[in-house]
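Structural characterization, general
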Amino acid sequence: MNFVDHSKLKDQHAFLSASKYSWLNYDDHKLEEAYRSHVAKERGTVLHAFAADCIKLGQKLPRSQKTLNLYVNDAIGFKMTPEQILFYSDNCFGTADAICFRNNFLRIHDLKTGITPAKMEQLMIYAALFCLEYDYKPHNIETELRIYQFDEASIYQPHPDEIMDIIKKIISFDKQINRIKAEEV
């Protein structure tokens, strides 16, 4: 038997994939809902890449209250770095949408293109990762976090203790995961 060559599909997944077989239990409504969510995620990925390119190039977007425009223009105005990986260990790292650190002031912005209201916890983890990777104590810096969603920017200035609690949890959980990994060998 000579199988058809589908090498162009390598590392891709169909929406109705065998490995994500839960769609077998969908009715028409659930299928439509899941597919629309899938398309929205793909759109979000493209918008994030577009925003990162605009920021890298310093290309501002027309002034408006649109989420994307606010996010890109603010990131350019604050001279932020887009899509920056923050690393503590193989068990704990993440990519901040936009970040900058100047004069002991940490600024982290996140672009949200979906319909689920975002929470600041993700950005607080990025702040903790920044502190861990670059050896800063949260009490010695100021931090401002912004989520861009629904055509506005939500701004939060976490108390240093909030970031410190996350740092402690990251360190503790990382050690625990490493112990588990060592036991498996």
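Calculation criteria
Residues numbered from 1 in each chain as written. Predicted model: local features only at pLDDT ≥ 70, side-chain atom pairs only at ≥ 80, totals over all residues. Heavy atoms only, no water. Core = buried A, V, L, I, M, F, W, Y, C linked by side-chain atoms within 4.5 Å. Buried < 20%, exposed > 50% of the residue type's maximum accessible area, 1.4 Å probe, protein only. Helix = DSSP H or I, 4+ residues; strand = E, 2+ residues; numbered from the N terminus. Contact = heavy atoms within 4.5 Å. Phe/Tyr/Trp six-rings, centres within 6.5 Å; stacked < 30°, edge-to-face > 60°. Lys NZ or Arg CZ within 6 Å of the ring centre and 35° of its normal. Axes fitted to C-alpha atoms, helices over the stretch in contact; angles between N-to-C directions. Parallel < 35°, antiparallel > 145°, perpendicular 65-115°, else oblique. Left-handed = near helix turned anticlockwise from the far one by under 90°. Nonpolar A, V, L, I, M, F, W, Y, C, P; charged D, E, K, R; others polar. Pairing = 2+ DSSP bridges. Patch = residues over 30% accessible without salt bridge, like charges linked within 9 Å, V, L, I, M, F, W, Y side chains within 5 Å. Areas by Shrake-Rupley, 256 points an atom, 1.4 Å probe, with all protein chains shown as cover. Salt bridge = Lys/Arg side-chain N within 4 Å of Asp/Glu carboxyl O.

1. Description of the nonpolar core
In terms of nonpolar packing, the biggest core is built from 22 residues, with Leu86, Ile99, Leu106, Ile108, Phe130 and Ile163 touching the most fellow members. Mapped by element, the contributors of at least two residues to this core are strand S2 (92-102), strand S3 (105-111), helix H3 (121-134), strand S4 (142-149) and helix H4 (160-184). Sorting elements by how many residues they give to this core places H3 first, with 8 residues. Residues in contact with Leu106, not counting those within four places in the same chain, are Ile99, Cys100, Phe101, Ala127, Phe130, Ile141, Glu142, Thr143 and Glu144.

2. Quick notes on the packing of aromatic side chains
Applying the stated criterion across every chain yields a total of 7 aromatic pairs. Judged by centre distance (5.7 Å) and plane angle (15°), the rings of Phe130 and Tyr136 are stacked. Exposure remark for Phe130: the relative accessible area of 6% places this residue in the buried category. Among the aromatic residues, those joined into a cluster by ring pairs are Phe101, Phe130, Tyr134 and Tyr136. Lying over the aromatic face of Phe78, Arg107 brings its terminal NZ or CZ to 3.6 Å of the ring centre.

3. Some thoughts on the packing of helix H1 (residues 28-57) against helix H2 (residues 67-77)
Taken N-terminus to C-terminus, the directions of H1 and H2 make an angle of 30°; their axes are 9 Å apart at the nearest point. Relative to H2, the element H1 lies roughly parallel. The chirality of how H1 crosses H2 is right-handed. Of H2, the residues touching H1 (which contributes Leu47, Phe50, Ala51, Cys54 and Ile55) are Leu68, Tyr71, Val72, Ala75 and Ile76. Per-class residue counts for the contact of H1 with H2 are 10 nonpolar, no polar and no charged.

4. Brief notes about the sheet that holds S2
Spatially, S1-S2-S3-S4-S5 is the arrangement adopted by the 5 strands of the open sheet, whose pairing is mixed. Two strands bound the open sheet, and with one partner strand each, they are strand S1 (81-89) and strand S5 (152-156). Averaged over all neighbouring strand pairs, the angle between strand axes comes to 35°, with direction disregarded. Here 5 bridges tie S4 to S5, and the two strands are oriented antiparallel to one another. Residue pairing across strands places Arg146 opposite Ile155, the latter belonging to S5. Lying on the sheet, H3 is in contact with S1, S2, S3, S4 and S5; it crosses S1 at an angle near 65°. Most of the contacts of H4 go to S1, to which it runs at about 50°, and overall it touches S1, S2 and S5.

5. Remarks on the environment of Lys79
Tracing the sequence through the fold places Lys79 in the loop between H2 and S1. Distance from Lys79 to Gly58, taken between C-alpha atoms, is 8.7 Å for residues 21 residues apart in sequence. Beyond its immediate stretch of four places on either side in the chain, Lys79 contacts Cys100 and Arg102.

6. Digging into a nonpolar patch on the surface
Judged by side-chain polarity, Ile85, Phe87 and Phe93 come together as a nonpolar surface patch covering roughly 300 Å² of accessible area. Relative to the helices and strands, Phe87 is located in strand S1. Assessed through its relative accessible area of 35%, Phe87 is described here as partly exposed.

Nothing here speaks to function; it is geometry throughout.
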